[in-house]
Amino acid sequence: KVRDQVRHLLRVARQEHRRSPLIDAAITTIRSCLGRAERAGESDELMGIEGEAGAAYWSAFPDLLLPEVEILWRPKGRSRRPPKDACNALLSFLYSLLYRDVVAAILVVGLEPSLGFHHRARSQAYPLAEDVMELFRVPLVDLPVVASLNRRQWTVEHVQDCGPGGWLLTEPGRRQAIRIYEERKAETWKHPVTGYSLSYARLIELEVRLLEKEYTGR
């Protein structure tokens, strides 16, 4: 996930007119985190590095949006439970769809979703699903969110402020989010291990099957 985050920022930084001090600073921090992640000796150390990289990434995330994006949809950092703005409501909803698909793939393959290797059981979420999700957060959620916001596909009718309950997508907002997510899942990507292209929907199950082969030594 951390590698995907820095690639996302670099893609924007290559466009000189869209670079910003926040993006440059985040790239520097995340690159440092990547080097340390390769040398991490245990899960707790790795998760701490991931958290540091994530903080840098989300600090620069608003600068990935074009100036034309309405202020309503410009995030104020990353917030969850509840989302504190419209963009975070969109991100959280799409991450929930990704989580659902990852859990389904884990069950299809026959692994136990409550037994993760980095995440711990701290909520109702399955740790193994949270582990596998990391591979897909940027390509299946972050990239299409930024692209759809920059295309100005989102309006005031797609979200509502629920006060203490945070921000939530409306019914039209959820329909549009599901459509964008499903369209992204249908796109193909060449897997570096297998060498052939699959849709992202198939890739989720493939990654779980590769994990099962790793567990069983096959």
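Scoring rules and cut-offs
- Residues numbered from 1 in each chain as written.
- Predicted model: local features only at pLDDT ≥ 70, side-chain atom pairs only at ≥ 80, totals over all residues.
- Heavy atoms only, no water.
- Helix = DSSP H or I, 4+ residues; strand = E, 2+ residues; numbered from the N terminus.
- Rg over C-alpha atoms; globule rule 2.2 N^0.38 Å.
- Buried < 20%, exposed > 50% of the residue type's maximum accessible area, 1.4 Å probe, protein only.
- Contact = heavy atoms within 4.5 Å.
- Areas by Shrake-Rupley, 256 points an atom, 1.4 Å probe, with all protein chains shown as cover.
- Lys, Arg positive; Asp, Glu negative; His and termini not counted.
- Charge placed at Lys NZ, Arg CZ, Asp CG, Glu CD.
- Expected span 1.5 Å × (residues − 1).
- Polar contact = N/O pair within 3.5 Å; in protein donor to acceptor, adjacent residues only side chain to side chain.
- Axes fitted to C-alpha atoms, helices over the stretch in contact; angles between N-to-C directions.
- Parallel < 35°, antiparallel > 145°, perpendicular 65-115°, else oblique.
- Left-handed = near helix turned anticlockwise from the far one by under 90°.
- Nonpolar A, V, L, I, M, F, W, Y, C, P; charged D, E, K, R; others polar.
- Core = buried A, V, L, I, M, F, W, Y, C linked by side-chain atoms within 4.5 Å.
- Salt bridge = Lys/Arg side-chain N within 4 Å of Asp/Glu carboxyl O.

A. Representation of the overall build of the protein in the model. If you tally the helices and strands in the protein, you get 8 helices and 4 strands. Tracing the protein from N to C terminus, the helices and strands come up as α-α-α-α-α-α-β-β-α-β-β-α. Taken over C-alpha atoms, the radius of gyration comes to 18 Å for the protein, in line with the 17 Å a tight globule of 218 residues would show. Judged by the C-alpha coordinates and their principal axes, the protein covers about 50 × 40 × 35 Å. Residue burial in the protein is summarised as follows: out of 218 residues, 47% are buried. Of all intrachain contacts in the protein linking residues separated by at least 6 positions in sequence, the fraction that spans at least 24 positions is 59%. Accessible surface, the protein: about 11,600 Å² in total, of which carbon and sulfur atoms supply 53%. Side-chain charges of the protein comprise 32 positive and 29 negative groups, with the mean position of each set lying 2 Å from the other.

B. A look at helix α4 (residues 86-109). For α4, with 24 residues, the first-to-last C-alpha span of 35 Å sits near the 34 Å given by 1.5 Å per residue. In terms of burial, α4 is largely enclosed, as 17 of its 24 residues are buried. Sitting at the head of α4, aspartate 85 places a side-chain oxygen 3.2 Å from the backbone nitrogen of cysteine 87.

C. Fine view of the packing of α4 against helix α7 (residues 171-186). Look at α4 against α7: their axes get within 10 Å of each other, and the N-to-C directions meet at 50°. Accordingly, the angle class assigned to the pair α4 and α7 is oblique. The handedness of the crossing between α4 and α7 comes out as right-handed. Counting all contacts with α4, which are made through Leu90, Phe93, Leu94, Leu97, Leu98, Arg100 and Asp101, the residues of α7 involved are Arg174, Ala177, Ile178, Tyr181, Glu182 and Lys185. Split into classes, the residues belonging to the contact of α4 with α7 amount to 8 nonpolar, no polar and 5 charged.

D. Looking closely at helix α2 (residues 21-38). Taking 1.5 Å as the rise per residue, α2 with 18 residues should run 26 Å; its terminal C-alpha atoms sit 26 Å apart, in good agreement. In this structure, the buried residues of α2 make contact with α1 (2-13) and α3 (43-60).

E. The nonpolar core, seen in detail. Judged by nonpolar contacts, the single largest core of 65 residues is most densely connected at Leu9, Trp73, Leu94 and Leu98. If near-sequence neighbours (up to four positions away) are discounted, leucine 9 is found in contact with Ile23, Ala26, Ile27, Ile30, Tyr57, Ala60 and Leu64.

F. Geometry of the pattern of salt bridges. Tallied over the entire structure, the rule returns 19 salt bridges. In this structure, arginine 137 and glutamate 134 form a salt bridge, with 2.9 Å as the shortest nitrogen-oxygen distance. Under the relative-accessibility criterion, glutamate 134 is labelled buried at 13%. Through salt bridges with shared partners, one network takes in Lys1, Glu50, Glu134 and Arg137.

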